[in-house]
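Report on the structure
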Amino acid sequence: MTATGDTPKRLRRLLKRREFLRAARGSRAGRAGFSLQAIAGAAEVPGLGFTVTRKTGNSPERSRIKRRLRAASEACSSQFRPHHDYVLIGRREALTVPFEALVEGLSGAIARVHAGKAQSQRPPGNRNETQ
RNA sequence: CCAGUUGACCGGGCGGCCGCUCCGCUCAGGCGGGGAGGAAAGUCCGGGCUCCAUCGAAAUACGGUGCCGGAUAACGUCCGGCGGGGGCGACCCCAGGGAAAGUGCCACAGAAAGCAAACCGCCCGGCUCCGGCCGGGCAAGGGUGAAAGGGUGCGGUAAGAGCGCACCGCGGCCCCGGCAACGGGGACGGCAGGGUAAACCCCACCGGGAGCAAGACCAAAUAGGGAUGACGCGGGUUUAGGCCCGGCCGGUUUUCGAGGCCAGUCAUCCGGGUUGGUUGCAUGAGGGCGCCGGCAACGGCGUUCCCAGAUGAAUGGUCGCCACGUCGAGGAAACUCGGCCCUACAGAACCCGGCUUACAGGUCAACUGGCGUC
RNA sequence: GCGGGUGUAGCUCAGGGGUAGAGCAUAACCUUGCCAAGGUUAGGGUCGUGAGUUCGAAUCUCAUCGCCCGCU
């Protein structure tokens, strides 16, 4: 799991509850199949975490959602910026959405998240429902 | 051919490209190989394994199991029987020990719900104001109820009654078959003992507790905790415990002393938290095939195979072809074309044996009933 | 991995073998000039589901489903 020097595209995987909670305070963007959260962090290597709640489905469905999202994030791994942490929250639609649409959505969501961060910090109480 | 019963099984296949994880080899570039299930699930039982407790066991309490025999490491599982119930049948279902050890409960209805009793009644005698009343006998009939003290019939009687008899049931006894549960038969008894133990309970048998986040080890870094004991210093004496002498007295409890507490020193013992890694960890009550024993569960022997090991948790993404299913169109049909689903239930986490539950679609075998033909 | 609780009227809960109840809510009526409060009455239940024991099950037993909560 350690990122070696010759593979710089390798991402750091977020593991701890604290890291997920921190990312939840950042800006977010929703797309079909997932919701993306991003926040600036100290580490140079960008971090990425996946989470799918119990309510989404049973075990094979949750597992499959994570796999498809993981494959999609491999496809656009170069777009993740250094000094940032990302969390992908899986939704049920991730089971059925075509894979190209998933990759496209993720690419757009990353751009959207950084654009939203540039304009202002998230004001408290304002639900950021961007769809 | 139709309907059904039981058992067993499959639960997409092949191939590109890009990835993930483990193992082996490596000339360090890579190469080769393995990679979810029948339920991996629920966690309802039984074990292995590890630690804790205990001299070893037994008992109490609590919990579980409950016809008999067998299988098994063990089981609440499985197999074969027995008994009861259901089905025309193949076959299916049953927590199926004990109610003469004791206690409790049996609503409503009913006279009466557990020990015998008598509401309407029936019979005999007496009295009568002719409505009935009193005394005695009876439990067959009526009525209530889920259940009313063996059932049916005949005899018997004032009316009746196991009062007597026959058959059936019941009870213990004897004989026979069976390892046994149990079954068959015989003579006897003369009915006593309603139901409920998934009510308490009694009897027999089983169970120490916790769980791989068990447990063992390594490294780093940080903090230095708790308990107990001794202790101011020097000298003398004694084997030692101790005793004696001198000077000095950490803080606090008003002062001194004793004692206590706190702080300090030393010794012994015990221990916490954080992060990462290794191990446990995959050769096992293991799978396939064949032969033998057994009705079977299963066992024995031979041979062969190595078959997932992740730790925010791998086994994926995508494309093509084929197969299956389904829908639509064409066709007399075989079939052709196009679309859809490109699949059900569901994802290993120490391992194994079961149970239970979920499951689109499909395959095979044996058997049963019915119809048709020969 | 281990363990516990709960499911009854629209909501919150009683009932632990013998005809399913309370409060709030709903509806109608009374009261008031009107509303609220108050009063009277009514309706509303597969007792989570399926088997079993029993004469009889919301209650006892077994299986199953959903929800909630602990410990590690």
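Presented here is an overview of the structure given in this document. The structure presented is a predicted model; accordingly, all values stated were derived computationally and were not measured. (Residues numbered from 1 in each chain as written. Chains lettered and ligands numbered in written order. Predicted model: local features only at pLDDT ≥ 70, side-chain atom pairs only at ≥ 80, totals over all residues. Heavy atoms only, no water.)

Here's the deal with the sheet that holds strand β2 (residues 27–31)
- Spatially, the five strands line up as an open sheet ordered β1-β4-β5-β3-β2, and their pairing is mixed. In this open sheet, the two strands that pair with only one neighbour each are β1 (12–13) and β2.
- With five bridges connecting them, β2 and strand β3 (residues 34–40) associate as antiparallel partners. Across the sheet, the residue bridging to A29 is L36, located in β3. (Pairing = 2+ DSSP bridges. Helix = DSSP H or I, 4+ residues; strand = E, 2+ residues; numbered from the N terminus.)

Re the nonpolar core
- Counting residues in hydrophobic clusters, the biggest one holds 22 residues, and the most contacted among them are F34, L36, L69, L88 and L106.
- Secondary structure elements with two or more residues in this core: β3, β4 (47–51), α2 (59–75), β5 (84–90) and α3 (99–119).
- If near-sequence neighbours (up to four positions away) are discounted, L36 is found in contact with S27, R28, A29, Y86, V87, L88, A109, I110 and V113.
- Of all hydrophobic cores here, the second largest spans five residues; its members include L14, F20, I39 and V87. (Core = buried A, V, L, I, M, F, W, Y, C linked by side-chain atoms within 4.5 Å. Buried < 20%, exposed > 50% of the residue type's maximum accessible area, 1.4 Å probe, protein only. Contact = heavy atoms within 4.5 Å.)

Describing the side chain of R68
- Checked against the element boundaries, R68 lands in helix α2.
- For the buried R68, no salt bridge is present, and the opposite-charge side chain at shortest range is E100, 6.9 Å distant.
- Apart from the residues lying within four places of it in its own chain, the contact partners of R68 are A94, L95, T96, V97, P98, F99 and L102. (Lys, Arg positive; Asp, Glu negative; His and termini not counted. Salt bridge = Lys/Arg side-chain N within 4 Å of Asp/Glu carboxyl O.)

Description of the protein's contact with RNA strand B
- Surveying the vicinity of RNA strand B reveals the residues R13, L14, L15, N58, S59, P60, S63, R64, R67, R68, R70 and F99.
- The sugar-phosphate backbone supplies 70% of the atoms of RNA strand B found within 4 Å of the protein.
- At a separation of 3.3 Å, a phosphate oxygen of RNA strand B approaches a polar backbone atom of S59.
- Top contributing element to the surface near RNA strand B by residue count: α2, with seven residues.
- By residue class, the composition of the surface near RNA strand B is four nonpolar, three polar and five charged. (Near = heavy atom within 4 Å. Polar contact = N/O pair within 3.5 Å; in protein donor to acceptor, adjacent residues only side chain to side chain. Nonpolar A, V, L, I, M, F, W, Y, C, P; charged D, E, K, R; others polar.)

Overview of the pattern of salt bridges
- Summed over all chains, the structure comprises one salt bridge.
- R92 is the partner of E61 in a salt bridge, and the nearest nitrogen-oxygen pair spans 3.1 Å. Residue E61 is located in helix α2, and its partner R92 is located in the loop between β5 and α3; the two are separated by 31 residues in the primary sequence.
- The class of R92 is partly exposed, set by a relative accessible area of 43%.

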